[in-house]
Amino acid sequence: MKSLSQRDRNYIWHPLTQHKTHPEVIGIRKAEGVYLYDEEGKGYIDGISSWYTAVYGHCNPFITGRVARQMEQLDQVVFSGFTHEPAVSLSEKLIPLLPGNQARLFFSDNGSTAVEVAIKMALQYHFNRGERRKVLLAFEEGFHGDTFGAMSVSGLSVYNGPFADFSLEVRRIPVPDQEEPTALLTRLEELLETESVAAFVYEPLVQGAAAMKMHNARGLDRVLGCLREKGVLLVADEVMTGFGKTGTHFASGQLKTQPDILCLSKALTAGLLPMAVTSCTAAVFDAFYGDDLSLGFFHGHTYTANPLACTAALAGLELLVSEPIQEGIRRIMHSHGEFLRRVDGHPAVRASRQCGVILALDLDAPGPRYGAFRDRAMRFFMERGVYLRPLGNTVYVLPPYVIRREELQKIYGAIEALLEQLKA
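- The name an unreviewed UniProt entry assigns to the protein chain is Adenosylmethionine-8-amino-7-oxononanoate aminotransferase, from the organism Robiginitalea marina.
- The Pathway (unreviewed entry) comment attached to the protein chain in UniProt states, word for word, "Cofactor biosynthesis; biotin biosynthesis; 7,8-diaminononanoate from 8-amino-7-oxononanoate (SAM route): step 1/1."

**Here's the deal with the overall build of the protein chain**
Turning to step 1, where the next piece is worked out: Scanning the protein chain from N- to C-terminus turns up 14 helices and 16 strands.
Turning to step 2, where the next piece is worked out: Along the first, second and third principal axes, the C-alpha atoms of the protein chain reach 65 × 55 × 45 Å.
Turning to step 3, where the next piece is worked out: Taking all contacts inside the protein chain whose residues are at least 6 apart in sequence as the whole, residues at least 24 apart take part in 71%.
Turning to step 4, where the next piece is worked out: Here the protein chain displays about 19,300 Å² of accessible surface, and carbon together with sulfur accounts for 53% of that area.
Turning to step 5, where the next piece is worked out: For the protein chain, the distance from the average site of its 43 positive side-chain charges to the average site of its 48 negative ones is 4 Å.

**A closer look at the environment of Glu 238**
Turning to step 1, where the next piece is worked out: Tracing the backbone shows Glu 238 in the loop between strand 10 (233-237) and strand 11 (261-264).
Turning to step 2, where the next piece is worked out: For Glu 238, a relative accessible area of 0% translates into the label buried.
Turning to step 3, where the next piece is worked out: Along the primary structure Glu 238 and Val 115 are separated by 123 residues, whereas in three dimensions their C-alpha atoms are 9.6 Å apart.
Turning to step 4, where the next piece is worked out: Not counting residues up to four positions away in its chain, the partners in contact with Glu 238 are Pro 204, Phe 250, Ala 251, Ser 252, Leu 262, Cys 263 and Leu 264.
Turning to step 5, where the next piece is worked out: Polar contacts involving the side chain of Glu 238 include one to the side chain of Thr 241, which spans 2.9 Å.

**Observations regarding the side chain of His 299**
Turning to step 1, where the next piece is worked out: Tracing the backbone through its elements, the reader meets His 299 in the loop between helix 10 (282-286) and helix 11 (307-320).
Turning to step 2, where the next piece is worked out: At a separation of 2.8 Å, a polar atom in the side chain of His 299 contacts the side chain of His 301.
Turning to step 3, where the next piece is worked out: Not counting residues up to four positions away in its chain, the partners in contact with His 299 are Phe 106, Val 117 and Lys 120.

**A short note on the UniProt feature "binding site: pyridoxal 5'-phosphate" (unreviewed entry) in the protein chain**
Turning to step 1, where the next piece is worked out: In this structure's numbering, the residues bearing the UniProt feature "binding site: pyridoxal 5'-phosphate" (unreviewed entry) are Gly 111, Ser 112, Asp 237, His 301 and Thr 302. Spanning 192 residues, the annotated positions stay apart in the fold, the maximum distance between their C-alpha atoms being 22.8 Å.
Turning to step 2, where the next piece is worked out: Mapped onto the secondary structure, Ser 112 falls in helix 5 (residues 111-128).
Turning to step 3, where the next piece is worked out: Apart from residues lying up to four places away in sequence, Ser 112 is in contact with His 144, Gly 145, Asp 146, Thr 147 and Ala 150.
Turning to step 4, where the next piece is worked out: For His 301, the position within the fold is in the loop between helix 10 and helix 11.
Turning to step 5, where the next piece is worked out: Apart from residues lying up to four places away in sequence, His 301 is in contact with Ser 108, Asp 109 and Thr 113.

**Quick notes on the environment of Leu 340**
Turning to step 1, where the next piece is worked out: Relative to the elements of secondary structure, Leu 340 occurs in helix 12 (residues 323-343).
Turning to step 2, where the next piece is worked out: Judged by relative accessible area, which is 8%, Leu 340 ranks as buried.
Turning to step 3, where the next piece is worked out: Each C-alpha atom of the pair Leu 340 and Pro 324 lies 24 Å from the other, and the pair is 16 residues apart in sequence.
Turning to step 4, where the next piece is worked out: Apart from the residues lying within four places of it in its own chain, the contact partners of Leu 340 are Ser 352, Arg 353, Gln 354, Leu 359 and Leu 361.

**Details of helix 9 (residues 217-229)**
Structural remark: α-helix, 3.6 residues per turn; residues separated by three or four positions point the same way.
Turning to step 1, where the next piece is worked out: Under the 1.5 Å per step criterion, the end-to-end length of helix 9 is 19 Å for 13 residues, consistent within 8% with the ideal 18 Å.
Turning to step 2, where the next piece is worked out: Buried within helix 9 we find Gly 219, Leu 220, Asp 221, Val 223, Leu 224, Cys 226 and Leu 227.
Turning to step 3, where the next piece is worked out: Tucked inside the fold, the buried residues of helix 9 contact strand 5 (135-139), strand 6 (170-173), helix 8 (182-194), strand 7 (197-202) and strand 10.
Turning to step 4, where the next piece is worked out: Between a side-chain oxygen at the N-terminus of helix 9 and the backbone nitrogen of Arg 218 the separation is 3.0 Å; the capping residue is Asn 216.
Turning to step 5, where the next piece is worked out: Positioned one or two residues after helix 9, Gly 231 has a phi angle of 75°, which is positive.

**As for unusual backbone geometry**
Turning to step 1, where the next piece is worked out: With a phi close to 50°, Ser 49 is a non-glycine residue in the positive phi region.
Turning to step 2, where the next piece is worked out: Mapping Ser 49 onto the fold places it in helix 2 (residues 49-52).
Turning to step 3, where the next piece is worked out: According to the relative accessible area criterion, Ser 49 is buried, its value standing at 0%.

**What to know about the pairing of strand 11**
Turning to step 1, where the next piece is worked out: Here strand 11 shows two buried faces, one formed by Ile 261 and Cys 263 and the other by Leu 262 and Leu 264.
Turning to step 2, where the next piece is worked out: One ladder, built from 3 bridges, connects strand 10 with strand 11; its direction is parallel. Directly across from Asp 237, in strand 11, lies its bridge partner Cys 263.
Turning to step 3, where the next piece is worked out: Of the pairings in the sheet, the one linking strand 11 to strand 12 (residues 276-281) comprises 4 bridges and is antiparallel in character.

**Here we look at the UniProt feature "binding site: substrate" (unreviewed entry) in the protein chain**
Turning to step 1, where the next piece is worked out: Here, UniProt's "binding site: substrate" (unreviewed entry) annotation points to Trp 51, Lys 266, Gly 300 and Arg 389. Across 339 residues of sequence, these annotated residues are also dispersed in space, with a maximum C-alpha separation of 33.5 Å.
Turning to step 2, where the next piece is worked out: Among the secondary structure elements, Trp 51 is positioned in helix 2.
Turning to step 3, where the next piece is worked out: Mapped onto the elements of the fold, Lys 266 is located in the loop between strand 11 and strand 12.
Turning to step 4, where the next piece is worked out: In this structure Lys 266 comes out as partly exposed when scored by relative accessible area, which is 25%.
Turning to step 5, where the next piece is worked out: The residues contacting Lys 266, other than those within four sequence positions of it, are Trp 51, Tyr 52, Thr 53, Val 239, Met 240 and Gly 271.
Turning to step 6, where the next piece is worked out: In this structure the side chain of Lys 266 is engaged in a polar contact, spanning 3.5 Å, whose partner is the backbone oxygen of Trp 51.

**Here's the deal with the nonpolar core**
Turning to step 1, where the next piece is worked out: Of all hydrophobic cores here, the largest spans 106 residues; its most connected members are Tyr 56, Leu 94, Phe 200, Phe 243, Leu 363, Phe 381 and Ile 415.
Turning to step 2, where the next piece is worked out: With residues near it in sequence (within four places) discarded, Leu 94 still touches Leu 105, Phe 243, Phe 250, Leu 264, Leu 268, Val 277 and Leu 317.
Turning to step 3, where the next piece is worked out: Among the nonpolar cores identified, the runner-up in size contains 27 residues, and Val 115, Ala 118, Ala 198 and Val 239 belong to it.

**A closer look at the sheet that holds strand 10**
Two modes of strand pairing occur in sheets, parallel and antiparallel, and in both the strands are linked by backbone hydrogen bonds.
Turning to step 1, where the next piece is worked out: With mixed pairing, the 7 strands of this open sheet are ordered in space as 4-12-11-10-7-5-6. Of all the strands in the sheet, just strand 4 (102-108) and strand 6 have a single pairing partner and so form its edges. With strand direction ignored, the average angle separating the axes of adjacent strands in the sheet is 20°.
Turning to step 2, where the next piece is worked out: By the bridge criterion, 4 bridges tie strand 5 to strand 6 in an arrangement that is parallel. Bridge pairing links Ala 138 to Arg 172 in strand 6.
Turning to step 3, where the next piece is worked out: Each of strand 5, strand 6 and strand 7 touches helix 8; the most contacted strand, strand 6, lies at about 165° to it.
Turning to step 4, where the next piece is worked out: On the sheet, helix 9 packs against strand 5, strand 6, strand 7 and strand 10 and is oriented at approximately 160° with respect to strand 7.

Rules and cut-offs
- Residues numbered from 1 in each chain as written.
- Predicted model: local features only at pLDDT ≥ 70, side-chain atom pairs only at ≥ 80, totals over all residues.
- Heavy atoms only, no water.
- UniProt positions renumbered as here; feature names shortened; annotations may be inferred.
- Helix = DSSP H or I, 4+ residues; strand = E, 2+ residues; numbered from the N terminus.
- Contact = heavy atoms within 4.5 Å.
- Areas by Shrake-Rupley, 256 points an atom, 1.4 Å probe, with all protein chains shown as cover.
- Lys, Arg positive; Asp, Glu negative; His and termini not counted.
- Charge placed at Lys NZ, Arg CZ, Asp CG, Glu CD.
- Buried < 20%, exposed > 50% of the residue type's maximum accessible area, 1.4 Å probe, protein only.
- Polar contact = N/O pair within 3.5 Å; in protein donor to acceptor, adjacent residues only side chain to side chain.
- Expected span 1.5 Å × (residues − 1).
- Pairing = 2+ DSSP bridges.
- Core = buried A, V, L, I, M, F, W, Y, C linked by side-chain atoms within 4.5 Å.
- Axes fitted to C-alpha atoms, helices over the stretch in contact; angles between N-to-C directions.

Listed below in structure tokens is the structure:
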């Protein structure tokens, strides 16, 4: 009987993959807790929560049980003209956890569409108010998704290089790396004098795809405050950082200046089903509210606010605020800190950093970003029963909150073994 990998090769086109040089994939038959199991039954600790989604562990029975019961009552319904209990309950539970100025939720399908919605919302906000602001502002090396609007504000050419000529009008600024980013603020003031900036799209505190690049919270606050004074809408992309990963429920909770629009997905539904939310303030919503039909926001997805996805999100929120999960977050943060102290100064480590449960090491290794080293390192980790997916020469860990201390130590041990190999 052919393996999953052999059968897969005939028809499937995988994301972020050059199939000529990477024809093989690993078949996964089962997932439970922090483990992924292949066709041979070998288990791998999921050290990145399957792209930051399964933060409460895979196939969590509390979540799957709730969704199974919902599946027998209401599976899918059009969300234009109808509503349902899971969506209403989710809004009632999620809004109080968001930054205090958030008032409305708009549902879509994934992180890219959450940002796409936010960009359209911001542009139309100014249009509805009689202003023609069409320039967007974003950080250098940001990543916000693969759809055209989200891709436009992303700054990583490996993802969007072929489409650069088709992008929206975007200006880029560096991330603030100090509390008083004087030069950056001066540059920003000059830009705002000459450009009609509609919105600033940013990843607060951590830029995920940019190899977990972290920036200064107070410096970011200074940037956000400057933009707010100029009437620029602040769009926080918390698709990656949301739901506990930075140590608080949302990274924006560590800032004084709160976003006008907030983008959520990934861990929103605990990795079980695709769904996204774009939240906004009452002021943003009010710009679309009126007797004129054309003021409305004409954007919609077939599976908007799918009842099953909303149910998964509701169950996930209950877990997020529970003491066992909060204790898990604190345990991971403490363990990461201990590990960083252990490897800081290692000759193979160029730099290290931590924000909440996110740990990252830049390694002194050959090859460019997204090159051969990443593939070699992945194989090295998988041979040791650990799934990590380096971003170029950066190894990062973002584990499920239910991970045990001994499982964390196994991840750290695999990384240390790699460091010793690099040093040799």
